[in-house]
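Overview (structure and organization)
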Amino acid sequence: MRNVNIVAIALTAALVTLQLVGLAMLERSHAHAMQASFPREPAVCTDSAEIRVSQIPYD
């Protein structure tokens, strides 16, 4: 019975480690995506585009 507890603890520790590694990778990819989305210098947009939105009548 003691060996079963040791195996269970080892598997739990391995799963927690994998979750932490996955979380770190997700955080890193999210930070990279945010850095690509928002460059340090803002882009200058001189075109003004009007977007027509149709109104939805309410009851």
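Now for a description of the structure that goes with this document. (Residues numbered from 1 in each chain as written. Predicted model: local features only at pLDDT ≥ 70, side-chain atom pairs only at ≥ 80, totals over all residues. Heavy atoms only, no water.)

**Brief notes about the overall build of the chain**
Secondary structure summary: the chain contains one helix and zero strands in total. Within the span of the chain, comprising 59 residues, buried residues form 0% of the whole. Here the chain has roughly 6600 Å² of accessible surface; of this, 64% comes from carbon and sulfur atoms. (Helix = DSSP H or I, 4+ residues; strand = E, 2+ residues; numbered from the N terminus. Buried < 20%, exposed > 50% of the residue type's maximum accessible area, 1.4 Å probe, protein only. Areas by Shrake-Rupley, 256 points an atom, 1.4 Å probe, with all protein chains shown as cover.)

**What about a nonpolar patch on the surface?**
Together, V16, L20, L23 and L26 line one region of the surface with nonpolar side chains, adding up to about 390 Å² of accessible area. Of note, L20 is situated in helix α1 (residues 2–37). (Patch = residues over 30% accessible without salt bridge, like charges linked within 9 Å, V, L, I, M, F, W, Y side chains within 5 Å. Salt bridge = Lys/Arg side-chain N within 4 Å of Asp/Glu carboxyl O.)

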